[in-house]
Amino acid sequence: MCDKPSGSEFRKRAKETIVKNEKLLAKIPKLTTFYKSQSTDVSERNLESSETSTTEQTTDPNTAPENEKGGGGDCSNNSVPATENSATGQLRAVQPQPTQISNDPACWIINEELRDYIAQNGLKQNDDEDFSKSARHYPDHRRHFSKSHFMKKMTNEETVKRSWLVYSPSNGHVYCGPCKLYGGSSLFATSGFNDWRNVGGIAGHENSRDHQQCLVKFITREKKLERIDSQVLKQYDKNVEYWKKVLERVVETLKFLSSRGLPLFGDNEKLGSSRNGNFLGCIELISKFDPFMADHLVRYGNKGSGTPSYLSSTITREVHLLLHDQVKSKIIEEILIAKYYSIVVDSTPDYSRKDQLTLIIRYVLPEGSPVERFITFMANTGHKGIHMFVSIVGEIESLGISMKNCRGQSYDNASNMSGCYQGLQTRIKEISPTADYVPCSGHSLQLVGTGAADSSPESVEFFLLEQNVYVFFSASTERWAVLIRHLPEDAYTVKALSDTRWSARSDASKAIFKSYREIISALTEIGENPDQPSTARVEANSIAKQLQKLETAILLLFWNKVLDKFHRYSKKLQTEGLDLQSVLNLYVSLKAFGTSLRNENEFSKIEKEAKQLCGSNEYKKDQSRSTKPKLPFGESTKNHTEFSGRESFIFNVYYAALDKICTSLSDKIKIYSDLNEDFGFLWNLLNLHKSDISKHAKKLQEKYSDDLDKTFPEECVCFAFFLEEYKEMDPNAVKDFGNPQALLKFLKSNRIEDYPNVNISLRIFLCMAVTNCTGERSFSVLKRVKNHLQTTKKQDFLNSSALLYIENELLQTLDFSGIISDFAAAKARRKTFV
């Protein structure tokens with residue numbers, strides 16, 4: 001058993017152990033000796049051979065030897081500062097950081113640190129300098145270095161960059177970077193080359209053996225000292241290019257499907273499935289003819305979450321929204337350039353029972369054509385004027401568009417929009433007093449027709465009869481087959497009426513008029529067929545009997561003529577670029593048509609044709625027993641006039657409908673003429689006296705005082721003189737001066753900048769929306785992109801789908817390469833480093 005050492009013995013042993021460890025550590029080399037210090041400076045090494053020369057070189061770079069510095073010059077800003085060595089009392093050069101190394105080759109101090117730095121960061125050629133110091137004066141002329149010398153022209157006319165050539169801003173010489181760094185012996189490595197009269201020496205140097213040897217050393221060192229993440233960056237760039245190619249195909253597929261309003265997704269996202277939707281189906285079709293996409297599907301298809309493929313619904317929706325944002329940005333850019341605009345608003349419920357408020361903006365393009373663009377759908381905004389006002393103003397201002405530049409608004413005739421007290425148009429006028437309300441011309445024309453159709457019981461019964469004809473035949477496939485068998489191949493089939501589409505009445509009337517006898521023949525066959533149910537036979541005979549009445553035949557001819565006119569004018573009123581002047585002309589023409597029909601001669605022509613059509617010559621009233629009217633007690637029947645069936649029909653049915661049409665059109669014409677009167681003089685300048693022009697211009701300037709200068713009247717008079725002079729030079733151009741659109745295009749195409757206020761006034765007039773048919777068309781798109789199979793579609797995706805479908809022409813013209821590159825770079829970075 002060992003005795004435990006005493007305390008003094010224990011301390012003695014511990015002290016010996018410490019001394020022993022210290023001696024052992026002193027013999028072991030330090031870790032820093034295994035690495036070469038990059039702070040070792042060449043000037044410090046030269047201290048051992050010459051203290052004086054080293055001190056001069058470190059304190060004043062301009063006095064460095066020629067083989068180290070080059071051709072001299074001003075390098076004071078790039079000199080290496082010196083400090084005093086505390087051990088020796090000598091000046092020691094402080095090693096510059098990489099950012100302190102000069103880009104001027106004349107100021108380089110050749111050492112390992114400089115070579116490493118340039119190998120890692122590359123040569124800066126200083127090709128953005130002005131080359132002013134390179135000028136040399138020869139006896140006959142003056143020459144200097146040119147930027148073109150950095151390029152080498154090949155025999156096949158191609159150009160190759162001389163990446164080895166470096167310009168010195170301090171002395172105006174050019175150097176060979178590799179030769180300067182690795183001990184070349186030519187002028188390009190020592191004092192620099194500046195003999196611009198013999199500039200062919202540059203080409204001679206790059207072909208020399210000395211240059212090739214230095215270039216090999218430069219490239220070898222560059223390879224050894226590549227950035228530690230260079231391979232990662234190369235892989236990243238490769239990934240970016242790869243995903244860009246994928247995205248290009250994804251974007252084109254989305255553009256194709258969106259421009260046709262087709263749904264993107266199916267029940268699943270599995271490649272090869274017949275229920276994976278249109279998007280993946282198109283991708284599979286592309287892969288059959290595109291080796292790149294075929295390889296992509298093999299490598300990344302159906303890999304599940306965690307493996308990016310750019311084909312998932314999440315990425316597809318993200319790209320889809322980016323396309324929407326770029327198209328919308330283009331529309332906003334056009335609106336801001338146009339400045340003045342008008343709005344069109346309407347609402348309808350979608351399949352999910354959400355009320356969708358559509359917003360359309362009309363403005364004038366730079367070339368002078370008015371255009372109407374869909375902006376967005378807003379869900380559940382409410383039907384009150386205040387609710388719609390808050391939603392619309394908030395949406396427009398969120399786009400960066402000022403409501404003060406709104407110069408027009410067009411809605412249907414609903415009171416919540418057109419109301420003069422609490423309506424939407426009144427509230428918007430509180431913000432922009434010059435935002436005139438223009439009732440939708442198409443909807444107004446429909447109201448005119450609806451009022452005329454309800455003007456008499458006989459007219460109401462006539463349209464009910466048309467609907468009954470359609471319902472009777474369409475209720476049974478057997479009856480429909482009988483009708484088709486009687487109709488010629490190119491004949492119209494019977495049509496149904498519609499509460500919203502007034503053109504459906506025109507189609508229904510035209511179908512019965514064109515196939516009148518064939519329809520009666522089909523009804524007669526059904527009525528006489530014992531195999532048919534008794535109710536069908538009775539109904540067929542009743543309808544045939546009603547059609548064969550003289551009154552029915554007259555109404556059929558009358559309404560067919562009137563509705564055909566209404567239908568053709570309604571289609572013109574649905575034109576996107578329609579202006580207020582054109583609407584007024586159409587309404588005046590339609591009223592003249594109605595007035596022309598309101599005389600007995602026109603009725604006689606219709607009556608004669610109706611008798612030939614139906615084979616009947618008597619009115620129903622003339623066939624029935626006449627009854628004496630019941631008069632109050634004491635009144636005599638002597639003054640009572642009894643009208644014949646013909647007279648009664650003319651006064652109570654024919655004239656009643658025409659009077660309703662003409663009266664309603666007169667009311668609408670007054671509304672549109674009041675709005676048009678302010679601007680109408682602009683396209684009538686050649687026919688007005690100069691005093692009248694000045695008077696109308698002054699009135700318009702007072703209304704739009706924030707837009708038109710006070711010199712507007714004088715400018716209009718001068719413009720009238722200009723048009724008169726232009727008329728003498730080109731008489732054929734006069735016909736275009738009577739149309740506001742043609743007049744604005746005339747100013748734009750001829751670059752006439754001397755009449756800016758005329759330009760502004762025409763733009764304000766043409767930006768006024770006169771119909772909300774574009775809004776109605778957006779509802780047709782809404783029913784397609786959010787149908788009964790897509791009722792859960794989110795609002796942002798609904799808006800992007802609708803915008804890309806409605807504005808598909810604009811979609812096809814835009815370049816999406818920028819968002820493809822940005823998107824691919826973002827996704828590739830995330831994929832590479834996560």
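Heads up: the structure comes first, above all this text.
Remember, it's a predicted structure, so these values are computed and weren't measured experimentally.

**Student:** So what's going on with the overall build of the protein chain? Residues and values would help.
**Tutor:** Assigned secondary structure in the protein chain consists of 34 helices and 13 strands. Buried positions account for 45% of the 834 residues belonging to the protein chain. When contacts within the protein chain are restricted to residue pairs at least 6 apart in sequence, those whose partners lie at least 24 apart make up 69%. Accessible surface, the protein chain as shown: approximately 44600 Å² in total, 50% of it carbon and sulfur.

**Student:** Talk me through the pattern of salt bridges; I want residue IDs and the actual numbers.
**Tutor:** Under the criterion given, the structure shown has 29 salt bridges. Here Lys161 makes a salt bridge to Asp127, at a shortest N to O gap of 3.9 Å. In this pair, Lys161 sits in strand 6 (residues 159–161) while Asp127 sits in the loop between helix 5 (112–121) and strand 3 (136–137), placing the two residues 34 residues apart along the sequence. Overall, the relative accessible area of 44% leaves Lys161 in the partly exposed class. Overall, the relative accessible area of 23% leaves Asp127 in the partly exposed class. In this structure, Arg646 and Glu600 form a salt bridge, with 3.0 Å as the shortest nitrogen-oxygen distance. Taken together, the residues span a long stretch of sequence, with Arg646 in helix 26 (residues 645–677) and Glu600 in helix 24 (residues 600–614) at a distance of 46 residues. With relative accessibility at 21%, the residue Arg646 sits in the partly exposed group. Sharing partners across several salt bridges, the network here consists of Asp436, Asp678, Lys699 and Lys703.

**Student:** Residue-level account of the pairing of strand 9 (residues 341–349), with values.
**Tutor:** Counting buried residues in strand 9 gives seven out of nine residues, a clear majority hidden from the surface. Hairpin connection between strand 9 and strand 10 (residues 355–364): a loop of five residues separates the two successive antiparallel strands, and Arg353 in this loop has a positive phi of roughly 65°. Across four bridges, the pairing between strand 9 and strand 12 (residues 406–410) is parallel. Following the sheet pairing, Tyr341 is matched in strand 12 by Cys406.

**Student:** An account of the nonpolar core is requested, with residue identities and associated values reported.
**Tutor:** Judged by nonpolar contacts, the single largest core of 103 residues is most densely connected at Leu547 and Trp559. Among the elements that line this core, the one with the most residues is helix 22 (residues 550–573), at 13 residues. Setting aside its immediate chain neighbours within four residues, Trp559 contacts Ala452, Ala453, Ser459, Phe462, Phe463, Asp564 and Ala657. Ranked by size, the runner-up nonpolar core spans 76 residues in total, among them Leu257, Met293, Val393 and Leu814.

**Student:** A description of the sheet that holds strand 12 should follow, citing residues and the corresponding values.
**Tutor:** Pairing in this open sheet of five strands is mixed, and the strands run 11-10-9-12-13 from one edge to the other. Strands at the two margins of the open sheet, each flanked by one partner only, are strand 11 (370–379) and strand 13 (436–437). Inspection of the sheet shows strand 12 paired to strand 13 by two bridges, in the parallel sense. Opposite Gln409, over in strand 13, you have Tyr437 as the bridge partner. Packing of helix 15 (residues 424–431) onto the sheet brings it into contact with strand 9, strand 12 and strand 13, and relative to strand 12 it is tilted by some 180°.

**Student:** Tell me about the packing of helix 19 (residues 503–514) against helix 22, and name the residues and values.
**Tutor:** In contact at an axis separation of 9 Å, helix 19 and helix 22 are set at 140° when each is read in the N-to-C sense. Put simply, helix 19 runs oblique to helix 22. Seen from above, helix 19 lies across helix 22 with left-handed handedness. Contacts between helix 19 and helix 22 involve Ser503, Arg505, Ser506, Ser509, Lys510, Ile512 and Phe513 from the former and Leu556, Leu557, Asn560, Leu563, Asp564 and His567 from the latter. Considered class by class, the residues forming the contact of helix 19 with helix 22 number five nonpolar, five polar and three charged.

**Student:** Mind laying out helix 30 (residues 756–766), listing which residues take part and the relevant values?
**Tutor:** The element helix 30 is extensively covered by neighbouring structure, given that ten of its eleven residues are classed as buried. Regarding helix 30, the residues found buried are Asn757, Val758, Asn759, Ile760, Ser761, Leu762, Arg763, Ile764, Phe765 and Leu766.

**Student:** Explain the packing of aromatic side chains residue by residue, including any values.
**Tutor:** The geometry of an aromatic ring pair comes down to the distance between the two centres and the angle between the two planes. Throughout the structure, instances matching the rule amount to 38 aromatic pairs. Relative to Phe722, the ring of Phe719 has its centre 6.2 Å away and its plane inclined at 15°; by these criteria the two rings are stacked. Of this pair, Phe719 and Phe722 are both found in helix 28 (residues 712–729), three residues apart, which corresponds to roughly one turn of the helix. For Phe719, a relative accessible area of 0% gives the class buried. For Phe722, a relative accessible area of 26% puts it in the partly exposed group.

How each quantity is defined
Residues numbered from 1 in each chain as written. Predicted model: local features only at pLDDT ≥ 70, side-chain atom pairs only at ≥ 80, totals over all residues. Heavy atoms only, no water. Helix = DSSP H or I, 4+ residues; strand = E, 2+ residues; numbered from the N terminus. Buried < 20%, exposed > 50% of the residue type's maximum accessible area, 1.4 Å probe, protein only. Contact = heavy atoms within 4.5 Å. Areas by Shrake-Rupley, 256 points an atom, 1.4 Å probe, with all protein chains shown as cover. Salt bridge = Lys/Arg side-chain N within 4 Å of Asp/Glu carboxyl O. Pairing = 2+ DSSP bridges. Core = buried A, V, L, I, M, F, W, Y, C linked by side-chain atoms within 4.5 Å. Axes fitted to C-alpha atoms, helices over the stretch in contact; angles between N-to-C directions. Parallel < 35°, antiparallel > 145°, perpendicular 65-115°, else oblique. Left-handed = near helix turned anticlockwise from the far one by under 90°. Nonpolar A, V, L, I, M, F, W, Y, C, P; charged D, E, K, R; others polar. Phe/Tyr/Trp six-rings, centres within 6.5 Å; stacked < 30°, edge-to-face > 60°.

So, to be careful, I would describe these as geometric facts and stop short of saying anything about function.
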